[in-house]
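# Working through the structure, step by step
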Amino acid sequence: MIPNIALVGFMGCGKTSVGRCLAARTGYDFVDTDDLVAEKAGKPVAEIFSAEGEGAFRVMEREVLQGLVGRKRMILSTGGGLILEPVNREALRRMGIVAWLDADPDLLFERASRSGRRPLLQTDTPKESFHQLLESRIAIYSDTSDFRVDSTALDHTQTAEAILESLGRHPRRFAFDETPA
Ligand code: S3P
């Protein structure tokens with residue numbers, strides 16, 4: 001039985017939208033770590049970064065994730081940098097299956113910069129910052145995840161389907177928990 005599915009991946013890969021589709025398909029709860037951090041702080045993620053800095057955000061992100069350990073039937077959408085902390089990677093792997101959502105870097109950049117709200121792209125050279133961060137994280141997404149789904153040519157629903165197919169093909173075959181929550 002799959003207790004939870006966690007979605008990891010870089011900004012702009014579609015974790016939130018795909019996560020909502022997956023939640024609708026499976027009946028599992030959609031949970032977003034950025035939303036929980038914003039709730040805990042009483043302000044949006046961008047404001048946490050500007051007022052308290054990235055370090056304070058990372059502490060809250062870790063606490064929020066630890067608070068979810070033990071919960072079941074979640075589709076967990078994670079902030080793009082949550083996998084940076086080893087303790088978070090361990091928690092994710094204990095919680096269930098970890099799927100890495102990936103896409104062509106240019107597409108990721110276009111999507112990530114669209115909202116204008118991503119604090120780590122508020123630099124003089126956002127495209128360079130983006131590529132540096134992406135390069136530094138690819139191996140971590142790969143090591144943390146059970147499989148990777150490339151969503152470059154897929155919409156959110158198709159990406160959710162591709163994740164469900166990958167689960168079916170996974171060496172440990174999985175079934176969803178059908179019992180009502
Ligand atoms: C971050 C990604 C953001 C958010 C924060 C930091 C990162 O989430 O957690 O701005 O370090 O990549 P998304 O991946 O949902 O944009």
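Residues numbered from 1 in each chain as written. Predicted model: local features only at pLDDT ≥ 70, side-chain atom pairs only at ≥ 80, totals over all residues. Heavy atoms only, no water.

### Some words on the pairing of strand β4 (residues 97-102)
Among the six residues that make up β4, six are buried, leaving the element largely enclosed by the rest of the structure. Neither face of β4 is left uncovered, since the one carrying Ile 97, Ala 99 and Leu 101 and the one carrying Val 98, Trp 100 and Asp 102 both have all their residues buried. Here four bridges tie strand β1 (residues 4-8) to β4, and the two strands are oriented parallel to one another. Note on β4: the bridge partner recorded for Val 8 is Trp 100. Relative to strand β5 (residues 147-150), β4 runs parallel, the two being bridged by four bridges. (Buried < 20%, exposed > 50% of the residue type's maximum accessible area, 1.4 Å probe, protein only. Helix = DSSP H or I, 4+ residues; strand = E, 2+ residues; numbered from the N terminus. Pairing = 2+ DSSP bridges.)

### Some remarks on the layout of surface pockets
The volume enclosed by the largest pocket comes to roughly 810 Å³. Forming the boundary of the largest pocket are 33 residues, of which Met 11, Thr 16, Asp 34, Arg 117 and Arg 118 lie nearest the centre. Those elements giving two or more residues to the lining of the largest pocket turn out to be α1 (15-26), α2 (33-41), α3 (45-52), α4 (54-68) and α6 (105-114). Looking at the lining of the largest pocket, its residues break down into eleven nonpolar, eleven polar and eleven charged. (1 Å grid on protein atoms, 1.4 Å probe; cavity = no way out; pocket = protein on both sides within 12 Å on 5 of 7 lines; lining within 4 Å. Points joined across faces, edges and corners; volume = space filled by probe spheres on them. Nonpolar A, V, L, I, M, F, W, Y, C, P; charged D, E, K, R; others polar.)

### Some remarks on the sheet that holds strand β3 (residues 74-77)
Strand order in the open sheet formed by five strands is β2-β3-β1-β4-β5, and the pairing between neighbours is parallel. Edge positions in the sheet fall to β2 (29-32) and β5, since each of these pairs with one other strand and no more. Along the sheet, successive strands turn relative to each other by an average axial angle of 25 degrees, direction set aside. Taken strand by strand, α2 contacts β2 and β3, and its axis lies near 60 degrees from that of β2. (Axes fitted to C-alpha atoms, helices over the stretch in contact; angles between N-to-C directions. Contact = heavy atoms within 4.5 Å.)

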